[in-house]
Amino acid sequence: MPSTDLKFSSLRTVNFKAQSDVASFNGDVLIVPLFQDHAKKPVLKLLNGEAFTHPVVADLIADHSFKAEAGAECLVRVYNHDSLNVKYVALVGLGAEPKQDGEVSKNTPSRLASAIVSVAEKTQAKHVGLVVPTGVAQEHVANLMLSVHDALYKDERFRLPSKKPENNKPPGGPLATVSLFEIDAAIAKALPETQRSVEHIVSGVNFAKDLVGAPSNSKTPLAIAQAAKELAASLNLECNVLG
């Protein structure tokens, strides 16, 4: 970001990667999203086709404690499960199941992103795994990435630290990696390029947010013009300021 008197927030680095086997995932949390109709089933089918039957999770679904309403979360501590090397499993509700197989609601990426950031913050997780719902296309994955970055943005440039340490923690805690399971091979192959494109978009969006959120006495016309020049220079672009 430009080095003028204006302060700009830095872009959080979150690496998205595709993984093929849940059993080999050595992260902190595995997020399993469920539609309401799916929540009636007492067993979760993971990527390798094997049933995940941890007693606590199975009971939560079987006795309808977890109803998978949109935005609902249920975090379960996992102890010594043979097929999972994670500390937690998080059930996330996506609401009513789509009417057509393979259909994904336009709200699904943002709901999944909110769950990723929320669960990572609650558990202080660095590495989060997500079992991706059936029907997710490349644009949904891009929207998921954008929504994660949007949820991680917090403008603290002009605020004094809170006396309560928990209020000074960043959104999403130490979140660094999101592993995506059950995504299409073509989407997985394009994931690095998708991430690069998303980071360019997020950088511009955060730049605009920082300008809007800055106090008026710091974003004078001269300061904004200088910021624009430096931003253009960093991208090898020409910038002419009129006036």
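Residues numbered from 1 in each chain as written. Predicted model: local features only at pLDDT ≥ 70, side-chain atom pairs only at ≥ 80, totals over all residues. Heavy atoms only, no water.

Turning our attention to the overall build of the protein chain. Assigned secondary structure in the protein chain consists of 6 helices and 8 strands. In the protein chain, the succession of α and β elements from N to C terminus is β-β-β-β-α-β-β-α-β-α-β-α-α-α. Counting all 243 residues of the protein chain, 42% fall into the buried class. Considering only residue pairs separated by 6 or more positions, the protein chain has 78% of its internal contacts joining residues 24 or more positions apart. A total accessible area of about 13,400 Å² is found for the protein chain, and carbon and sulfur atoms account for 52% of it. (Helix = DSSP H or I, 4+ residues; strand = E, 2+ residues; numbered from the N terminus. Buried < 20%, exposed > 50% of the residue type's maximum accessible area, 1.4 Å probe, protein only. Contact = heavy atoms within 4.5 Å. Areas by Shrake-Rupley, 256 points an atom, 1.4 Å probe, with all protein chains shown as cover.)

Moving on, we get to empty space enclosed by the protein. On inspection of all chains with the given rule, the structure shows 1 cavity of 30 Å³ or more. The computed volume of the largest cavity comes to approximately 50 Å³. Pro109, Leu112, Leu130, Val132, Pro133, Val136, His140, Val141, Leu144 and Leu180 are the residues that line the largest cavity. Taken together, the residues that form the lining of the largest cavity break down as 9 nonpolar, 1 polar and no charged. (1 Å grid on protein atoms, 1.4 Å probe; cavity = no way out; pocket = protein on both sides within 12 Å on 5 of 7 lines; lining within 4 Å. Points joined across faces, edges and corners; volume = space filled by probe spheres on them. Nonpolar A, V, L, I, M, F, W, Y, C, P; charged D, E, K, R; others polar.)

Another aspect to go through is the layout of surface pockets. If you add up the space inside the second largest pocket, you get close to 350 Å³. In terms of lining, the second largest pocket is formed by 20 residues, of which the most central are Leu152, Lys154, Glu156, Pro170 and Pro171. When residues of the lining of the second largest pocket are traced back to their parent elements, those giving at least two are helix H3 (138–152) and helix H5 (191–213). The residue makeup of the lining of the second largest pocket, split by class, is 8 nonpolar, 7 polar and 5 charged.

Next up on the list: the pairing of strand E5 (residues 73–77). Alternating positions in E5 separate cleanly, Cys74 and Val76 being buried on one face and Glu73, Leu75 and Arg77 remaining unburied on the opposite face. Examined bridge by bridge, E5 and strand E6 (residues 88–93) share 5 bridges and lie antiparallel to one another. By the bridge assignment for E6, Arg77 is matched with Tyr88. (Pairing = 2+ DSSP bridges.)

Read across the open sheet, the 6 strands follow the order E1-E8-E7-E2-E6-E5; overall the sheet is mixed. On the outer flanks of this sheet lie strand E1 (15–19) and E5, each paired with one strand and no other. The mean angle between the axes of side-by-side strands here comes to 20 degrees, regardless of whether they run parallel or antiparallel. Sheet topology places strand E2 (residues 29–34) next to E6; 6 bridges connect them, and they run parallel. Note on E6: the bridge partner recorded for Val29 is Tyr88. Along the sheet, H5 contacts E1 and strand E8 (177–181); its crossing angle with E1, the most-contacted strand, is approximately 160 degrees. (Axes fitted to C-alpha atoms, helices over the stretch in contact; angles between N-to-C directions.)

The next thing to look at is the confidence of the model for the protein chain. Summary statistics for the protein chain give a mean pLDDT of 83 and a share of 83% for residues scoring 70 or more. Within the model, the stretch residues 42–51 combines pLDDT values under 50 with 30 contacts to residues more than four positions away or in other chains. (pLDDT = per-residue confidence, 0-100.)

Moving on: the side chain of Ser218. Within the fold, Ser218 resides in the loop between H5 and helix H6 (221–234). At a separation of 2.8 Å, a polar atom in the side chain of Ser218 contacts the main-chain carbonyl oxygen of Pro215. Apart from residues no more than four positions distant in its own chain, Ser218 is found in contact with Leu6, Phe158 and Ala223. (Polar contact = N/O pair within 3.5 Å; in protein donor to acceptor, adjacent residues only side chain to side chain.)

Per the counting criterion, the structure on display carries 8 salt bridges. Between Arg159 and Glu156 there is a salt bridge, and its shortest N-O distance comes to 4.0 Å. Of the charged contacts in the structure, one is a salt bridge between Asp210 and Arg157, with a shortest N-O distance of 3.9 Å. With Asp210 in helix H5 and Arg157 in the loop between H3 and E8, the pair connects residues that are 53 residues apart, well separated along the chain. By relative accessible area, Asp210 is classed as buried at 1%. Each of Lys154, Glu156 and Arg159 takes part in one network of salt bridges that share partners. (Salt bridge = Lys/Arg side-chain N within 4 Å of Asp/Glu carboxyl O.)

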